[in-house]
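Spelled out from the first residue to the last, the chains are:
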Amino acid sequence: MKAVRLSRSCHQVLRYLREKKGLHSANDIYMALKSEFSEDAPGLTTIYRCLETLVQTERVQSVVLGDSEKIFEYIEDGQHHHHLICTSCRTSVHLHKCFIEQWEEKIKTVHGFEVRSHILELFGLCPECQTSATAPLN
């Protein structure tokens, strides 16, 4: 983890992500902190800056949704997460195993390419949205 001194606002954002788990948009975080801290809550622009700082320090991971919106989540030191993301309701499922790490050694052996990092997000429809998408219209 890269050492950076964090502002009070960044600590508030980090605490929120650590406690709430899962994926959250900057706006979700803004609304929650505004509700909790009222006048002392950071503004939306500050939250975006904090999130980018936290991503750079590897304390937070960002995921880009298909519509280019970023969502964020707290990660433990040295870890990364992969997700299944529903494009309809935006729920996500955390994949507890990294499938790509199995391929990295083979990629290095076959192509001589050393993988330094990777991202895997799979987009589709969750079971609930599949059911509602195929339900007959009344």
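Definitions and limits used
Here, residues in each chain are numbered from 1, in the same order as that chain's written sequence. Local features in a predicted model are, by the rule used here, given only for residues with pLDDT of at least 70; side-chain atom pairs are given and counted only at 80 or more, and totals for whole chains, interfaces and linings are based on all residues. Side-chain figures throughout are based on the complete set of non-hydrogen atoms in the structure, without hydrogens or water. Angles shown run from 0 to 180 degrees and are taken between the N-to-C directions of axes, each axis being a line fitted to C-alpha atoms and, for helices, limited to the stretch in contact. Helix and strand assignments come from DSSP, with helices taken as H or I runs of at least 4 residues and strands as E runs of at least 2, each series counted from the N terminus. Between 65 and 115 degrees an angle is taken as roughly perpendicular, under 35 as roughly parallel, over 145 as roughly antiparallel, and anywhere else as oblique. By definition, any crossing whose near helix is turned counterclockwise from its far helix by less than a right angle is left-handed, and any crossing with a clockwise turn is right-handed. Note on contacts: a residue pair qualifies if any of its non-hydrogen atoms lie within 4.5 Å across the two residues. Three exposure classes are used, based on accessible area relative to the maximum for each residue type with a 1.4 Å probe and protein chains only: buried under 20%, partly exposed in between, and exposed over 50%. Two strands qualify as a pair provided that DSSP identifies no fewer than 2 bridges between them.

Peer 1: Any chance you could explain the packing of helix α2 (residues 26-37) against helix α3 (residues 44-56) here in plain terms?
Peer 2: The packing of two helices is summarised by the inter-axis angle and the distance between the axes. As a packed pair, α2 and α3 sit with axes 9 Å apart at the nearest point and diverge in direction by 120 degrees. In terms of their interaxial angle, α2 and α3 are classed as oblique. The hand of the α2/α3 crossing is right-handed. In this structure, α2 contributes A26, N27, I29, Y30 and L33 to the contact, and α3 contributes L44, I47, Y48 and L51.

Peer 1: What's the story with the pairing of strand β4 (residues 82-86) in this structure? I'm lost.
Peer 2: Walk down a regular strand and you will see the side chains alternate between the two sheet faces. Within β4, four of the five residues are buried, which leaves it mostly tucked inside the rest of the structure. With antiparallel pairing between neighbouring strands as the criterion, β4 and strand β5 (residues 92-95) make up a hairpin whose turn holds five residues, including R90 at a positive phi of roughly 70 degrees. Here four bridges tie β4 to strand β6 (residues 121-124), and the two strands are oriented parallel to one another. The residue of β6 that forms the bridge with I85 is F123.

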